[in-house]
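Residues per chain, in single letters:
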Amino acid sequence: MAAISRDDVAHLAKLARIDMSNAELDHLAQEMSVILDAVARVQEVAGSDVPPTSHPIPVNNVVREDVVLPSLSQEDSLSGAPAQAEGRFKVPQILGEE
Amino acid sequence: MALNYDQAVAKYDPTLGLEVHVELNTNSKMFCGCSTEFGAEPNTQTCPVCLGLPGALPVVNGKAIESSILIGLALNCSIAPFSRFARKNYFYPDMPKNFQTSQYDEPICVNGYLDVEIETEDGPKQFRVEIERVHMEEDTGKSLHVGGATGRIHGAEYSLLDYNRAGIPLVEIVTKIVGGTGKYAPEVARAYVTELRDILRSLGVSDVKMEQGSMRCDVNLSLAPIGSGSLGTRSETKNVNSLRSVERAVIGEVIRQANRLEAGERIVQETRHFLEESGQTRPGRSKEQAEDYRYFPEPDLVPVVPDSAWIEELRATLPEKPSNRRKRLQIEWSVPDKEMSSLVNAGLLDVVEETIKLGAEPTRARSWWLGEISRLANEREVDPTSLITPGQVAVVISLIESGELTDKLARQVVEGVVAGEGTPADVITKRGLKVVSDDGALMTAIEAAIAAQPDTALRVRGGNIPAAGALIGAVMKATGGQADAAKVRELLLKHLGQGE
Ligand SMILES: [Zn+2]
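Note that this is a predicted model, so its numbers are computed, not measured. (Residues numbered from 1 in each chain as written. Chains lettered and ligands numbered in written order. Predicted model: local features only at pLDDT ≥ 70, side-chain atom pairs only at ≥ 80, totals over all residues. Heavy atoms only, no water.)

### Digging into the coordination of the zinc ion
Residue and element names in this part refer to chain B. Coordination of the zinc ion by the protein involves C32 (SG), C34 (SG), C47 (SG) and C50 (SG), with metal-donor separations of 2.3 to 2.4 Å. With 4 donor atoms in place around the zinc ion and angles of 100 to 115° between them, the coordination shape is tetrahedral. One chain supplies every donor for the zinc ion, spaced along it as C-x1-C-x12-C-x2-C. Taken together, the positions of C32 in the loop between β1 (12-23) and β2 (60-61) and C50 in the loop between β1 and β2 put the pair 18 residues apart, joining distant regions of the chain. With a relative accessible area of 5%, C32 lands in the buried category. (Donors = N, O, S within 2.8 Å, 3.2 Å for Na, K, Ca; no water. Tetrahedral: all angles 85-135°; square planar, octahedral: opposite > 155°, others 65-115°. Helix = DSSP H or I, 4+ residues; strand = E, 2+ residues; numbered from the N terminus. Buried < 20%, exposed > 50% of the residue type's maximum accessible area, 1.4 Å probe, protein only.)

Right, here's the structure in full:
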């Protein structure tokens, strides 16, 4: 049983800036435990000779030449932004951090 | 009574750690083809990849990997046979992706060292600064905080983001704990950053301009009572953006921490900001709530597996070590130790070498850069190398050597170049600065001087050579200082029958 506590979920929610009610935290703690259990079964199958995988295809060293390609225009860059000013993305004030 | 620095290090032993971020000078960004050119209009060097738009896929810049390996090799590191990128997750709008692509537990280079030399009371001493890791990541965007009194974040009403810098290749170089420096911690820190800067410059991988932010240093410092054998709690000072500031930040933190400890207070593990004006630090964000970046391997990028043949190829291209170069140049130019360190500390080695390569005599090249040009730069609070080019200095020196300029006139030429009056030739023409070497013109002035001081002239004729000084002075004055004093002396003595 891969236990994920209610506190773990609350911590993750805080890191992800997601506001959750007590009921949601209770519910998710249970649900996530089930998911983790399912994923943990993969580990039972993988022997010590199977390295952890970060990429589905075994390929290395894919690089690009150091060549400048056209960028978006300022207008296009900002086109999806909810707010903008002076050619920049406008975001709410950031509190408690430097 | 507050402890000063000497008192602080008499009781406490400082331990250092240095983290240096270097922007690479590639043409394009780390994971996309956007330009890295400085100074463009905001958000004109951005694309779906560096803006983190859904579905965009990054591909790493091969040149950036090459530069990172070169840095590792120059710092005596092992190059990892297998290295991966990781996502560092955090909520802060300086990265539009909500994560920074970095490296975590599999950096490209590990376990190196850099030897630095400092001046101590017992002469020069070498310290080995061990390197923990060199890893690749990407720079963040630039924030502008609007509203609020100070322009700092607290009290800001909103922030404006320019992502042109987001995604520019960045290399972070992290030292292991540097202990055993005792009271020389500030000098060791500065010497390390200086040597690192010189190495990076010699590799040609970065502009390494601290003042412009292409090289930035964080200073970690802790104190422990001397002989305790333990390590204290460290602070991390950010925003240290010049070599002098590195030294000052260490001094400032040693004094601050020692006084806290003396007062029985504890040191808080926190990020502090260096204040350029006072040399002190102010608290930033506290690290008591441990950061939780939830690093995980970047699924959109494949591992970097440099083969050994390539690494050896790169190793073969490493340039001469700056410390060796300094030793070699010192011998070639026969420079005394003290003057050599002045040249190095003033960052004048490159321009002096360049000036000498252009034909100037080494002693003259050194003394012009260290003397007159540095003096003019100090007055203006700028870098000497921004005032005049090595080529212009070489021209001025060659004119002195050919007798067309006296030292005094040459100073006026340099002053004119610095004042923006053009090339040395332009200044000479515009200001009419030419040594009066025409014998006829000099003789007229000499005869006038003799006529004005007949008694003095008589004494010289009688063999009193030192008396000639007064006449030479009169001639120099009459020619507005534009005559070559040696030439005047020669003509005058000959005229009065005392020529050799
Ligand atoms: Zn881009």
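### Considerations on the side chain of E353 of chain B
All names here are of chain B. Checked against the element boundaries, E353 lands in helix α8 (residues 349-357). Here E353 falls in the buried class, since its relative accessible area comes to 16%. At 2.7 Å, the side chain of E353 and the side chain of R325 are in polar contact. (Polar contact = N/O pair within 3.5 Å; in protein donor to acceptor, adjacent residues only side chain to side chain.)

### Things to note about the packing of helix α10 (residues 390-401) of chain B against helix α11 (residues 407-418) of chain B
Residues and elements named next belong to chain B. Where α10 meets α11, the closest approach of the two axes is 10 Å, and the angle between their N-to-C directions is 160°. Between α10 and α11, the crossing angle belongs to the class labelled roughly antiparallel. Where α10 crosses over α11, the handedness of that crossing is right-handed. Here Q392, V396 and I400 of α10 come into contact with α11, specifically with D407, A410, V413, V414 and V417. A per-class count over the contact of α10 with α11 returns 6 nonpolar, 1 polar and 1 charged. (Axes fitted to C-alpha atoms, helices over the stretch in contact; angles between N-to-C directions. Parallel < 35°, antiparallel > 145°, perpendicular 65-115°, else oblique. Left-handed = near helix turned anticlockwise from the far one by under 90°. Contact = heavy atoms within 4.5 Å. Nonpolar A, V, L, I, M, F, W, Y, C, P; charged D, E, K, R; others polar.)

### Remarks on the sheet that holds strand β2 (residues 84-85) of chain A
Across the sheet, 4 strands lie side by side as β2(A)-β3(A)-β9(B)-β8(B); this open sheet has antiparallel pairing. Looking at which strands have only one partner, the edges of the open sheet turn out to be β2 of chain A together with β8 (142-146) of chain B. Sheet analysis places β2 of chain A next to strand β3 (residues 88-92) of chain A, joined by 2 bridges and oriented antiparallel. Across the sheet, Q84 of chain A pairs through a bridge with F89 of chain A, a residue of β3 of chain A. (Pairing = 2+ DSSP bridges.)

### Description of the nonpolar core
All names here are of chain B. In terms of nonpolar packing, the biggest core is built from 73 residues, with I71, L75, V134, I173, Y192, L196 and L200 touching the most fellow members. Residue contributions to this core peak at 10 residues, all from helix α3 (residues 185-203). Dropping the residues within four chain positions of it, L200 is found in contact with V22, I71, I173, V205, S206, V208 and M215. Core analysis: the second largest hydrophobic core is formed by 36 residues, V344, A360, L409 and V413 among them. (Core = buried A, V, L, I, M, F, W, Y, C linked by side-chain atoms within 4.5 Å.)

### Here's the deal with a nonpolar patch on the surface
Residues and elements named next belong to chain A. Where nonpolar side chains cluster on the molecular surface, the patch consists of I57, V59 and V62 and spans about 230 Å² of accessible area. Relative to the elements of secondary structure, I57 occurs in the loop between α2 (22-45) and β1 (63-64). For I57, a relative accessible area of 52% translates into the label exposed. (Patch = residues over 30% accessible without salt bridge, like charges linked within 9 Å, V, L, I, M, F, W, Y side chains within 5 Å. Areas by Shrake-Rupley, 256 points an atom, 1.4 Å probe, with all protein chains shown as cover. Salt bridge = Lys/Arg side-chain N within 4 Å of Asp/Glu carboxyl O.)

### A closer look at the interface of chain B and chain A
Put simply, an interface is often sized by how much accessible area is lost when its parts join up. With 56 residues of chain B at the contact, the number on the chain A side is 38 residues. Between chain B and chain A, a total of about 4,000 Å² is buried, with carbon and sulfur atoms accounting for 56% of that surface. The interface formed by chain B and chain A includes 0 salt bridges. Examining the composition of the side of chain B that touches chain A, we find that 5 residues originate from one element, strand β9 (residues 158-162) of chain B, more than from any other. Broken down by class, the residue content of the side of chain B that touches chain A amounts to 29 nonpolar, 16 polar and 11 charged. The sheet contact formed by β3 of chain A and β9 of chain B spans 4 bridges and is antiparallel. (Buried area = accessible area lost by both parts, 1.4 Å probe.)

### A word on unusual backbone geometry
Residue and element names in this part refer to chain B. At V208, a residue that is not glycine, the phi angle is positive and equals roughly 40°. Summarising the element assignment, V208 is placed in the loop between α3 and β11 (215-225). You can call V208 buried: its relative accessible area is 2%. In this model, E381 sits at a positive phi of 55°, which is unusual for a non-glycine residue. According to the relative accessible area criterion, E381 is exposed, its value standing at 75%.

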